[in-house]
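Now for the letters of each chain:
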Amino acid sequence: MSQLTLNAPAKLNLYLKVINKRPDGFHNIKTLFERINLIDRVGLKDNTRGEIRITCNHPHVPLGSKNLVYRVADLMRTNYGMPDRGVDIDIQKVIPVAAGLAGGSTNAAAVIMGLNRLWRLKLQHKDLIAIARQIGSDVPFFLYDTSWAMGTERGDKIRPLKIDRKLWHILVVPKVKMHTPKVYGAIKIGKKEGQGNIGGSEGTNLLTKPGDNANILVHKLRNSNIINISSLLYNDLEKVVVQICPRIKKLKEKLKSLNAMGVTVSGSGPSVYGLTDSETAAKQIQAQLSNRYTQVFVVRTF
Ligand code: ATP
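Just so you know, these numbers come straight off a predicted model, no measurement behind them.

Observations regarding the domain arrangement of the chain
One frequently used descriptor of interface size is the decrease in accessible area upon assembly of the parts.
Then, in step 1: Domains assigned within the chain are domain 1 (3-161) and domain 2 (168-300).
Then, in step 2: For domain 1 and domain 2, the distance between their C-alpha centres works out to 24 Å.
Then, in step 3: Contact residues are listed per partner, giving 29 residues for domain 1 and 36 residues for domain 2.
Then, in step 4: Buried area between domain 1 and domain 2, both sides added, is near 2,700 Å², and the carbon and sulfur share of it is 61%.
Then, in step 5: Counting across the domain 1 and domain 2 interface gives two salt bridges.
Then, in step 6: Measuring nitrogen to oxygen at the nearest pair gives 3.8 Å for the salt bridge that ties K17 to D236.
Then, in step 7: Remark: the boundary between domain 1 and domain 2 carries 15 residue pairs in polar contact (both at pLDDT 80 or more).
Then, in step 8: Sorting the residues of the side of domain 1 that touches domain 2 by element identifies β1 (3-21), β2 (27-47), β5 (148-152) and β6 (157-161) as the ones contributing at least two each.
Then, in step 9: Per-element accounting of the side of domain 1 that touches domain 2 gives the leading share, eleven residues, to β1.

This is how it looks when you write it as structure tokens:
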């Protein structure tokens, strides 16, 4: 085998709670990941030039060492004693870039799995996970063959979940730049007695919502209707995202007025999604938004 092509699907965060700041500067979080059917295609081909060469159909994706897939290939060839090995990587982007949908991370995961096969490395799953964690917090989720998972620590410790439900979403990606470290950096975490590191009473973006509804949400996804599910969608980063870009609040209100349920920001934004009870309902909302927003998608659990 000298070439192969892989699917790289996006994710939504149906729940994201920031627990505390870690000594390494990252945050411990608890998040519920859902894999969705917005899918990039990643092609890998051995080359004899010893180069890592990236091509992409999207003009804003970096083609050099800033691309996460470059870092994956470089790390893997160095770690496994083949510093002169080369690979051509072609990324066909469908997932909007820098949107909170983990486009770069899913490409990286696809390349980790792909190079394991292409270069016949015979690495075990735990070795692939170790590489993924070095590349980024959102990468490990995509190494599991699951639609649903709970992520803890940096979001990179994954517990796959068996949930049969498939949800329909209306997803809008506003044309706004949202820098993930800036969003996390704007969160202040206080302490409240009896709440560990959660909640507080000072600062502009204190995390005040007590409790942890992630497990209840999982239960509802298995057993309950879409109204009950939508009432539990939550993202601690949302208030910062809205502060950076107040127009996202308007977008949320617009989606609610069109009967999207549980309207929430995904990850560190700027993507906003809501639930609908059918594909038809999602398409009706899409039709109403398409004249005002260029990136409006109807997506489903994948
Ligand atoms: P996350 O939710 O994991 O923080 P995101 O979905 O918000 O990520 P990405 O699409 O991964 O955002 O892009 C973030 C930045 O990463 C982009 O601005 C781009 O410069 C860079 N990047 C590196 N590799 C890739 C890639 N393979 N695809 C897209 N962007 C990439």
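Points about unusual backbone geometry
Then, in step 1: Geometrically, the link from G269 to P270 is a cis peptide bond, its omega value of 0° lying close to zero.
Then, in step 2: With respect to the helices and strands, the residue P270 is situated in the loop between β9 (261-265) and β10 (272-276).
Then, in step 3: With a phi angle near 45°, R120 is a residue other than glycine that sits in the positive phi range.
Then, in step 4: Given the relative accessible area of 54%, R120 is considered exposed.

So, the pattern of salt bridges
Opposite charge on two side chains permits pairing when their charged atoms draw close.
Then, in step 1: Per the counting criterion, the structure on display carries 20 salt bridges.
Then, in step 2: In this structure, the salt-bridge partner of D24 is R22, at a minimum N-O distance of 2.8 Å.
Then, in step 3: When its relative accessible area of 42% is taken as the criterion, D24 is described as partly exposed.
Then, in step 4: We note a salt bridge from K162 to D164, for which the minimum N-O separation is 2.9 Å. Exposure class is identical for K162 and D164. Each is exposed.
Then, in step 5: Where salt bridges share partners, they join R49, E51, R53 and D88 into one cluster.

Considerations on the pairing of strand β3 (residues 52-56)
Then, in step 1: The alternating pattern of β3 places I52, I54 and C56 on a buried face, while none of R53 and T55, on the opposite face, is buried.
Then, in step 2: Here β3 runs beside strand β4 (residues 86-92); their pairing, made up of five bridges, is parallel. When the bridges of β4 are listed, C56 appears paired with I91.
Then, in step 3: For the handedness criterion, the β-α-β arrangement of β3, helix α1 (residues 68-79) and β4 is classed as left-handed.

Some details on the nonpolar core
Then, in step 1: Ranked by internal contacts, the top residues of the largest apolar core, which has 41 residues, are L44, M76, V87, I89, I112 and L115.
Then, in step 2: For this core, the secondary structure elements donating two or more residues are β1, β2, β3, α1, β4, α2 (103-118) and α3 (125-135).
Then, in step 3: Top element by residues in this core is α2. It accounts for seven residues.
Then, in step 4: Ignoring any residue separated from it by four or fewer positions in sequence, one finds I112 in contact with V72, M76, L128, I131, A132, V139 and L143.
Then, in step 5: Membership of the second largest hydrophobic core comes to 31 residues, among which are L12, I226, L232 and L233.

Observations concerning α2
Then, in step 1: The end-to-end C-alpha separation of α2 is 22 Å, in line with the 22 Å expected for 16 residues at 1.5 Å each.
Then, in step 2: Within α2, 13 of the 16 residues are buried, leaving the element largely enclosed by the surrounding structure.
Then, in step 3: Phi for R120, located one or two positions after α2, is positive at around 45°.

The rules behind the values
Residues numbered from 1 in each chain as written. Predicted model: local features only at pLDDT ≥ 70, side-chain atom pairs only at ≥ 80, totals over all residues. Heavy atoms only, no water. Domains from an automatic or database assignment. Contact = heavy atoms within 4.5 Å. Buried area = accessible area lost by both parts, 1.4 Å probe. Salt bridge = Lys/Arg side-chain N within 4 Å of Asp/Glu carboxyl O. Polar contact = N/O pair within 3.5 Å; in protein donor to acceptor, adjacent residues only side chain to side chain. Helix = DSSP H or I, 4+ residues; strand = E, 2+ residues; numbered from the N terminus. Buried < 20%, exposed > 50% of the residue type's maximum accessible area, 1.4 Å probe, protein only. Pairing = 2+ DSSP bridges. Right-handed = clockwise from strand over helix to strand, strands pointing away. Core = buried A, V, L, I, M, F, W, Y, C linked by side-chain atoms within 4.5 Å. Expected span 1.5 Å × (residues − 1).

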